[in-house]
Amino acid sequence: MRAPEEEKVPQDDDAALVERVARRDQEALGELYERYASLLLAVSRRVLDDGADAEEMLQEVFLQVWNQAARYDRRRSSVSTWLVLIARSRSIDRLRTRQVLDRTLAGVRQENRGAHTSPEGAASVWIDQRRERLRREMRELPAEQRQVLDLAFFQGMTQSEIAAATGIPLGTVKTRTLLAMKKLRKALESDLRELL
Amino acid sequence: MSREAHREDEVVLEIVDALARGDAPSAGSTLERETTELWALLPYELEPAPPRPEVWEEIRGRLASSRVVPFPERRQAAPPPPARARRGGWGTSAMAAALAVCLLGLGYLLAKTEQQQTAIAELAARLAAADDRLAETSRARAQLDMITRVAQHVYPMHSTPTGSQRRPITGKVFVCGQHQQWYLNVQGLEAPPPGYDYCLWFETAAGMVLGGTMTVRDGVAELSAPSMPPGTKGFAVTLEKTGSHREKPQGDVLLLGEESISL
């Protein structure tokens, strides 16, 4: 159960910011950047395994947001999800362009990312709280379930591709994927309600 | 597991695969929306990676460079030269100049068309004249061929003392011995007086027989026919009244040819 003092996710605020961005409000884009840049850069870093490349990708993401804000449809996803999907998709495209898929298939890296800690005041409290919940729930997942989610999300691999790359039977990959998604869905129910 | 739950699992797996491929989520079922939102929560596990301050400045710079500079600001930054003081005036002048150029071009084309039509008419007239000369030359060539190749006798004609012509008249009659084809050529004839014609007569044992009426052109009269009366022994050219009875010559005799020369 969530603590009563936890900060709520500002979904309406996010959507309002996107609307302002669609009207060419650079300040609104700056606010979105303040809220999500650290998360999106982490996604790009995780996918690309290259800090400079990831920062360039972050620029591309926010330029896309600037140019396509009018296309955002709140019926399809929350703003944070929309941003994450953009960052992930562009990063995976860049990854495939660089043709480093084989290198990244080596396994889930256990790299220490302490060197990229958030500066004071850069991250919102509710993002930190969500992060803590995610970490806690992900730690609860069996390693093999985390692996399939990791390959799917950060490497852009389908279940068939995961099965082919890891040698795990496709049925097993599907079972692991499904079990992981069910557990997370149950554990993060409150977060999902806020996002819907 | 119920069939419905099994179907829901299949749908979730399909959605995850679509998201893994990067397909954009649709505004579909609640299950799809929940799965999409859950999917996008996965990176929250990552340690946040605050970008360097320069990244935002670079984004702002790229936004500024891609932005359209408002028109008034650009005008203030660079005052227009006097000749282009007003955009509308310049545009009107340009349109007027373009229209003038079009009119000049149209006038030029019309003049050229008229010149070409005149040239075509002149060429057509010259072609018709050339056709006439070609026909005349062809006729003269045929007569010359008859004279040089076929004619066997020539009757030189001389003026008679009674002739009223002021200048000397000469003529020749070329005759083909086998076919009696003949050709008369008279030089030095003046145009006949009004109401008179030049006539050729064959002199035979039975008397004078009319051979035809001649037309004078540039002092020359020509006449020809494929045959002549049998026993013709001489020729005469007379000036006869138009429409008179032509059983025998009644007018002045201008030329006589009574002796032939074999060719």
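Structure report, in brief. (Residues numbered from 1 in each chain as written. Chains lettered and ligands numbered in written order. Predicted model: local features only at pLDDT ≥ 70, side-chain atom pairs only at ≥ 80, totals over all residues.)

Let's talk about the overall build of chain A
No. 1: Of the regular secondary structure elements, chain A holds 10 helices and zero strands.
No. 2: Going residue by residue from the N terminus, the α and β elements of chain A occur as α-α-α-α-α-α-α-α-α-α.
No. 3: A buried classification covers 38% of the 196 residues belonging to chain A.
No. 4: The long-range fraction of contacts in chain A, counting pairs at least 24 apart against all pairs at least 6 apart in sequence, stands at 69%. (Helix = DSSP H or I, 4+ residues; strand = E, 2+ residues; numbered from the N terminus. Buried ≥ 20, exposed ≤ 12 C-beta atoms within 10 Å, placed from the backbone. Contact = placed C-beta atoms within 7 Å.)

Observations concerning the nonpolar core
No. 1: Core analysis: the largest hydrophobic core is formed by 62 residues, its most contacted members being L40(A), V65(A), L83(A) and A152(A).
No. 2: With 12 residues, helix α2 (residues 26-48) of chain A is the single largest residue contributor to this core.
No. 3: Counting 27 residues, the second largest nonpolar core, distinct from the first, contains I169(B), C199(B), V237(B) and L255(B). (Core = buried A, V, L, I, M, F, W, Y, C linked by C-beta atoms within 7 Å.)

A short note on the packing of α2(A) against helix α4 (residues 79-98) of chain A
All names here are of chain A.
No. 1: Across the interface, α2 lies against α4 with an axial gap of 9 Å and an inter-helix angle of 25°. Relative to α4, the element α2 lies roughly parallel. Crossing handedness for the pair α2 and α4: right-handed. Taking contact as the criterion, the partners of Y36, L40, V43, S44, V47 and L48 in α2 are, on α4, S80, L83, V84, A87, R88, S91, I92, R94 and L95. (Axes fitted to C-alpha atoms, helices over the stretch in contact; angles between N-to-C directions. Parallel < 35°, antiparallel > 145°, perpendicular 65-115°, else oblique. Left-handed = near helix turned anticlockwise from the far one by under 90°.)

A short note on the pairing of strand β4 (residues 196-204) of chain B
Residues and elements named next belong to chain B.
No. 1: Both β4 and strand β8 (residues 234-241) contribute to a ladder of eight bridges, which runs antiparallel. Counterpart to F202 in the pairing with β8 is F235.
No. 2: Examined bridge by bridge, β4 and strand β5 (residues 207-214) share seven bridges and lie antiparallel to one another. Bridging from a neighbouring strand, Y198 pairs with M214 of β5. (Pairing = 2+ DSSP bridges.)

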